[in-house]
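Below, each chain spelled out in residue letters.
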Amino acid sequence: MNIVLLGPPGAGKGTQAKKIQEYYSLPHISTGDMLRENINNNTSLGVKAKSYMSRGELVPDELLITIIKDRLSRKDCSAGFLLDGYPRTIPQADALQMILTESSRKLDAVLNISVNDEELIKRLSGRRMCACGASYHMVFNPPKDDEICDLCKGKLYQRDDDKPDAIRNRLIVYKKQTKPLIEYYKKKSILRTLNGGKDISGIFEEVKQILEEYEKL
Ligand code: ADP
Ligand code: ADP
Ligand code: ZN
């Protein structure tokens, strides 16, 4: 299965992606995680991306298209993949289609996780991350020990772009640049919209119901 997770910042894409990756053995490709790794390693891509990301702006399309083209050409994607955070613009979606067509592949489903702004702000402002990749929410998905990762005991931190000014900007950027992808994929008849207002396991049940249909094909 070749799947895209679509949704505003804070909708729960990363959270659901981890569960889908485990359940369906699909590689989870998060462009946000890839960019943050490049920032941590001080690569030239990381240096270019950093200022856009901390302001809550999108990193330019050409950089993302290069990253995703390279990532999708790797062997672990040949039997399926799960994209989280890409595409975020129409040109990125067009590029994705081209990359897949060139390798005789196509998208099976675009799962659109729908959540209202008030809930998104609560989710983003309570999000805490660990360097090991784990993510938590101080109220909705708290670690066992305050500010300490359950998995590796690392100290949790808040992303720069989960602070109020950047959150506001990310929601504006989403509406302007990413939301049009809903219509884009609706027209291609592969969009499936989920009620993202439920709890984490409730949403995953809905995801499984949808993906079961594709497994049968
Ligand atoms: P969230 O999970 O909260 O939606 P991500 O971790 O996916 O955030 O992305 C964080 C930031 O990384 C974005 O605000 C943007 O600056 C950059 N980014 C990630 N993916 C893309 C993309 N496909 N196109 C442009 N910028 C991206
Ligand atoms: P995204 O990748 O779409 O930006 P995340 O998966 O990182 O979103 O989730 C954003 C925050 O909301 C995290 O702190 C996460 O623990 C929390 N969260 C995720 N799904 C839910 C949910 N269904 N209900 C409440 N909180 C959630
Ligand atoms: Zn950890």
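Residues numbered from 1 in each chain as written. Chains lettered and ligands numbered in written order. Predicted model: local features only at pLDDT ≥ 70, side-chain atom pairs only at ≥ 80, totals over all residues. Heavy atoms only, no water.

### A short note on the overall build of the chain
And then number 1: Per the secondary structure count, the chain includes 9 helices and 7 strands.
And then number 2: Its C-alpha atoms give the chain a radius of gyration of 17 Å, near enough to 17 Å, the size a compact globule of 217 residues would have.
And then number 3: Reported as C-alpha extents along the three principal axes, the dimensions of the chain are approximately 45 × 40 × 35 Å.
And then number 4: Of all 217 residues assigned to the chain, the portion counted as buried reaches 49%. (Helix = DSSP H or I, 4+ residues; strand = E, 2+ residues; numbered from the N terminus. Rg over C-alpha atoms; globule rule 2.2 N^0.38 Å. Buried < 20%, exposed > 50% of the residue type's maximum accessible area, 1.4 Å probe, protein only.)

### A look at the site of ligand 2
And then number 1: Surrounding ligand 2, one finds 18 residues, the nearest of these being Gly10, Lys13, Thr15, Arg127 and Tyr136.
And then number 2: At a separation of 3.0 Å, an oxygen atom of ligand 2 approaches a polar backbone atom of Gly12.
And then number 3: Contact distances for ligand 2 include 2.5 Å between an oxygen atom and a side-chain N or O atom of Thr15.
And then number 4: Coverage of ligand 2 by the protein amounts to 93% of the 550 Å² it exposes when considered alone.
And then number 5: Breaking the shell around ligand 2 down by element, the ones donating at least two residues are helix H1 (13-24), strand E6 (135-137) and helix H9 (200-216). (Near = heavy atom within 4 Å. Polar contact = N/O pair within 3.5 Å; in protein donor to acceptor, adjacent residues only side chain to side chain. Areas by Shrake-Rupley, 256 points an atom, 1.4 Å probe, with all protein chains shown as cover.)

### A closer look at the coordination of the zinc ion (ligand 3)
And then number 1: Around the zinc ion (ligand 3), the protein contributes the donor atoms Cys130 (SG), Cys132 (SG), Cys149 (SG) and Cys152 (SG), which lie 2.3 to 2.4 Å from the metal centre.
And then number 2: One way to put it: the 4 donor atoms around the zinc ion (ligand 3) meet at angles of 94 to 116°, and that makes the site tetrahedral.
And then number 3: Along the chain, the residues donating to the zinc ion (ligand 3) fall in the pattern C-x1-C-x16-C-x2-C. Residue Cys130 is located in the loop between strand E5 (127-129) and E6, and its partner Cys152 is located in the loop between E6 and helix H7 (164-178); the two are separated by 22 residues in the primary sequence. (Donors = N, O, S within 2.8 Å, 3.2 Å for Na, K, Ca; no water. Tetrahedral: all angles 85-135°; square planar, octahedral: opposite > 155°, others 65-115°.)

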